[in-house]
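Okay, here's what each chain looks like letter by letter:
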Amino acid sequence: MGLGSDQLRASLEPLYGFTRDAVIPTKRISLPLTIGDSDRQAIMMTNFLIIDSPFTYNVVMGRPAMNDLNLVISTKAFTAKFSTPNGTGCIRGEQYSTKCCYEEALKMGFKGNKVNIVSRGGSQGVSEKVVSHDLDPREVDCDQAVGFVGELDEVVVSSTDAEMCLKLDVFAWNHEDIVGINLDVMMHQLNIDSNHKPVCQKRMPMITEHYAVLKEEVSKLLANKFIRVAYYPVWFSFTRIDQLVDATADHQLLNFMDAYSGYNQIPMKPEDEEHTSFITDRWLYCYKVMPFGLKNVGATYQRLVNMMFNDVIGRTMEVYVDDMLVKSQQVDDHVHNLEEMFQILRKY
């Protein structure tokens, strides 16, 4: 932009994000900001904070600048209006570019729960050193002096008081530490009217990056026992076939296989066997295995293969009911991927 170093000023005020992490701007600069068309423009000097961090946007406008410009924003219409000497000015966004920026931000990944603390030097003036610590004090040295320690007054605490206060067992630093309230103390109950039909939410299609994030979050909830697998065949939805097709892109080798008489390999629940009875000219029979043609047998089979191939679906395999696909991005990996599938089949 042709800016000189003399125009840049130091800035030690941290910016806090939605994930509770703080970023220290490298510099600060004041520049004239112009928005609007040539006949209806608003111009003002604006302070910009310079961040050394990967980001999908070139500039993010903060609330102070929006307030100074008297911006009225509609996120639904991608439009912002403001006052000018010649009347109301208007700027419009573009939906496709906004979506691209959002998807690029997802690809960058998510940072961990880190806190950046600015530490001052002694007589040497201001230091721009940034110290990063985990939020869990059990994993860091709590006696290490960081931050603006020199400006704080020392408080004397007896060893007895310190021992009474520092009971770390009552703090939860992650979900694994949560014990939960006893059911005898409190639990939430749904006031459901049995005369009303339950509402079934539709399965929303996602891009590949969203599915990866979703799988990670669901794994965390399962590990922390916040959720469990629900067996409700009426609500079970199949994988969208177009998503399976998209998942095979950029792979050099594909193997398609069909499970031979797959439905008949699942046994019927013993007390339900006689509900599958059929009559012939010789006798009355019932199925001991899951037959074709029953309602929701497809959902039962899909749940089975999802459970069997849970660790490889999306990585080296895609499964749609009794159709199985082994995929490899590199030719040399295909034999190993096939053997991995065969091992799973042998196990079950």
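Up top is the structure these notes are about.
Presented here is an overview of the structure given in this document. This one's a predicted model, so the numbers in the text were calculated from it and none came from an experiment. (Residues numbered from 1 in each chain as written. Predicted model: local features only at pLDDT ≥ 70, side-chain atom pairs only at ≥ 80, totals over all residues. Heavy atoms only, no water.)

### With respect to the packing of aromatic side chains
Inclusion rule: Centres within 6.5 Å make a pair out of two Phe, Tyr or Trp rings, where for Trp the six-membered ring is used; the pair is then stacked when the planes are under 30 degrees apart, edge-to-face when over 60, and tilted otherwise. Helix and strand labels come from DSSP, where a helix needs a run of H or I of at least four residues and a strand needs a run of E of at least two; each type is numbered from the N terminus. Three labels apply to residues, based on accessible area from a 1.4 Å probe with only protein chains included: buried if under 20% of the type maximum, exposed if over 50%, partly exposed otherwise in between.
What the rule picks out here adds up to 2 aromatic pairs. Summarising the aromatic geometry, the rings of tyrosine 263 and phenylalanine 292 are spaced 4.7 Å apart at their centres and angled 15° between planes, so their arrangement reads as stacked. You can see tyrosine 263 sitting in the loop between β10 (253–258) and β11 (278–279) and its partner phenylalanine 292 sitting in the loop between β12 (284–285) and α6 (297–308), a full 29 residues away along the chain. For tyrosine 263, a relative accessible area of 12% gives the class buried. Taking the centre distance of 5.4 Å and the plane angle of 40° together, the rings of tyrosine 263 and tyrosine 301 count as tilted. Note that tyrosine 263 is positioned in the loop between β10 and β11 and tyrosine 301 in helix α6, a separation of 38 residues in sequence. Residue tyrosine 263 shares its accessibility class with tyrosine 301, and that shared class is buried. Aromatic rings pair up to connect Tyr263, Phe292 and Tyr301 into one cluster.

### A look at the sheet that holds strand β13 (residues 317–320)
Defined as follows: Should DSSP find at least two bridges between two strands, the strands are taken to pair. Interaxial angle, 0 to 180 degrees, is taken between N-to-C directions of lines fitted to C-alpha atoms, where a helix line uses only the stretch in contact. Working rule for contacts: check all heavy atoms of both residues, and any pair within 4.5 Å makes them a contact.
Strand order in the open sheet formed by 3 strands is β10-β14-β13, with antiparallel pairing between adjacent strands. Looking at the sheet topology across the chains shown, the edges are occupied by β10 and β13. In this sheet, neighbouring strand axes are inclined to one another by 15° on average, regardless of whether the strands run parallel or antiparallel. Of the pairings in the sheet, the one linking β13 to strand β14 (residues 323–328) comprises 4 bridges and is antiparallel in character. When the bridges of β14 are listed, glutamate 318 appears paired with leucine 325. The strands touched by helix α7 (residues 334–347) within the sheet are β10, β13 and β14, with β14 carrying the most contacts at an inclination of about 145°.

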